[in-house]
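Architecture at a glance
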Amino acid sequence: MRTLKNILVTGGAGFIGSNFIHYLFEKDSNFNYRIINIDALNYAGNLMNLNDVEEKWGGKRYFFVKGDICDAVLVHDLFNKYDIDTVVHFAAESHVDRSILGPGDFIKTNVMGTYTLLDAARNYWKISDSSMETGVLFHHISTDEVYGSLGETGYFTETTPYDPRSPYSATKAASDHLVMAYNHTYRLPVTISNCSNNYGPYQFPEKLIPLMILNILEGKPLPVYGDGKNIRDWIYVEDHCRAIVDILIRGERGCKYNIGGENEWENINLLYLLIDITAKKAGIDPVAVKNTITYVCDRPGHDRRYAIDSSQIKKELGWKPLVDFQTGLEKTVEWYLCNLDWINSIRNGEYRKWIAKNYTERETVI
Ligand code: NAD
Ligand code: TYD
């Protein structure tokens, strides 16, 4: 059992990172440590996701720093200033379609950014052979997409060979390899989790579920790539966050953990379910909405099926997913219905102007 003290969360203003910070402050009964959140606030990073945390804990047990994980000086200063003992590394360029349009930012943040953090951790923690036994840990958040694409049967296990097929998954695979290389070569205490597709509150509306919810509400076409039969394994984001905490506290150093929802859906069937839930909650005619489904050109290199075998984390750490898909989707749809101002602020550019005015690079650090 590890005791956590000062956690550096990277990308904490994004979808999963902000859910993770909420989870720690609101649902982790052992939580008594400090969180330092470094986020560059790119298009997907949103400080509104953490307004309540900032109000209650800002300057006491929560510290936000606007900055780039590729900035080695800044990252080193953060380790020093806050005496970091734990890194939970979410920050990434995360959308496959964007990586196809332009891989450059993915290589910079996902590969160089991870390298910068690993090196800062190694230097600050003065790693030696015996430090595997000390209290520090670098936890890297990764994806099932590093394993490539499955046929109709089979599951990704922790020993499935890597076979990334999009620029996004290639950069995530590269970062996983770097993390493991720092473990093997320098004895840096690390863990990695490879999770399946997350859904829930605060997800930027470019990913399938929030995009479809908003398009349903606004009567826009629902773009389905290819034949709509690609399969993803969906997990409610809070189940993912709980798994991360389990790994931080009890995970074995140098190990990878697969995390999945045991919940495989063809995109088109998921969309039918989502239409039914959203239309019912919003009082719209589901038949009319189904008529707006539009099959569009497939994503280049579109992976056919992802499916995770989570038996290792279940067996070793006693974790399992708790939120069933119907319940998770209902909560998610309700969240978007209740937070249309969040959507509007992203869309009308006001939020960006507010960030530019109120936050400069390296805010509050030195
Ligand atoms: P997201 O795009 O919502 O959030 C990423 C965050 O990182 C944003 O706040 C962004 O501003 C920040 N960021 C980007 N570049 C940065 C940089 N150079 N320096 C500092 N901050 C930077 O992504 P997400 O969906 O929350 O994903 C978080 C992590 O989880 C990623 O590493 C992703 O690969 C992984 N993951 C995501 C899923 C999923 O379904 N969303 C599934 C498995 C794993
Ligand atoms: P996405 O949410 O982008 O996650 P990932 O590509 O990382 O799995 O997409 C999930 C699935 O939905 C994927 O098979 C692509 C498909 N998709 C569509 O059919 N239409 C869309 O508009 C989007 C964004 C995704």
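Keep in mind it's a predicted model, so treat the numbers as computed, not measured.

A few words on the site of ligand 1. Among the 28 residues in the neighbourhood of ligand 1, the closest are listed as Ile-16, Asp-39, Ser-94, Tyr-168 and Lys-172. Note that an oxygen atom of ligand 1 is positioned 2.8 Å from one of the backbone N or O atoms of Ile-16. When ligand 1 is considered free in solution it has 840 Å² of accessible area, and contact with the protein chains removes 96% of it. Looking at the shell around ligand 1, the elements that each hand over two or more residues are α1 (15–27), β5 (137–143), α6 (167–186) and β7 (197–199). Take the shell around ligand 1: its biggest share by element is 3 residues, from β5.

This paragraph deals with the pairing of strand β2 (residues 34–39). Among the 6 residues in β2, 5 count as buried, and that is most of the element. For strand β1 (residues 6–10) and β2, the ladder comprises 5 bridges, and the chain directions are parallel. Residue Leu-8 lies in a different strand from β2, and its bridge partner there is Ile-36. Read from β1 through α1 to β2, the crossover connection turns out right-handed. Both β2 and strand β3 (residues 62–66) contribute to a ladder of 5 bridges, which runs parallel.

Attention now moves to the packing of aromatic side chains. By the definition in use, this model includes 21 aromatic pairs. Both rings, one in Tyr-147 and one in Tyr-162, keep their centres 5.5 Å apart while their planes meet at 85°; by these two values the pair is edge-to-face. In this pair, Tyr-147 sits in the loop between β5 and α6 while Tyr-162 sits in the loop between β5 and α6, placing the two residues 15 residues apart along the sequence. The exposure class of Tyr-147 is buried, given its relative accessible area of 3%. Accessibility expressed as a relative area gives 22% for Tyr-162, which makes it partly exposed. Relative to Trp-342, the ring of Tyr-336 has its centre 6.1 Å away and its plane inclined at 80°; by these criteria the two rings are edge-to-face. With respect to class, Tyr-336 is no different from Trp-342; both count as buried. One aromatic cluster is present, built from ring pairs that chain together Phe-25, Phe-31, Tyr-33, Trp-57 and Tyr-62. The aromatic ring of Tyr-43 is capped on one face by Arg-98, whose charged end is 3.4 Å from the ring centroid.

Another point: the confidence of the model for the chain. Looking at the chain, pLDDT values average 94 and 96% of them are 70 or higher. Confidence drops under pLDDT 50 across residues 362–366; counting only partners more than four residues distant or on other chains, this segment forms 18 contacts.

Criteria and cut-off values
- Residues numbered from 1 in each chain as written.
- Chains lettered and ligands numbered in written order.
- Predicted model: local features only at pLDDT ≥ 70, side-chain atom pairs only at ≥ 80, totals over all residues.
- Heavy atoms only, no water.
- Near = heavy atom within 4 Å.
- Polar contact = N/O pair within 3.5 Å; in protein donor to acceptor, adjacent residues only side chain to side chain.
- Areas by Shrake-Rupley, 256 points an atom, 1.4 Å probe, with all protein chains shown as cover.
- Helix = DSSP H or I, 4+ residues; strand = E, 2+ residues; numbered from the N terminus.
- Buried < 20%, exposed > 50% of the residue type's maximum accessible area, 1.4 Å probe, protein only.
- Pairing = 2+ DSSP bridges.
- Right-handed = clockwise from strand over helix to strand, strands pointing away.
- Phe/Tyr/Trp six-rings, centres within 6.5 Å; stacked < 30°, edge-to-face > 60°.
- Lys NZ or Arg CZ within 6 Å of the ring centre and 35° of its normal.
- pLDDT = per-residue confidence, 0-100.
- Contact = heavy atoms within 4.5 Å.

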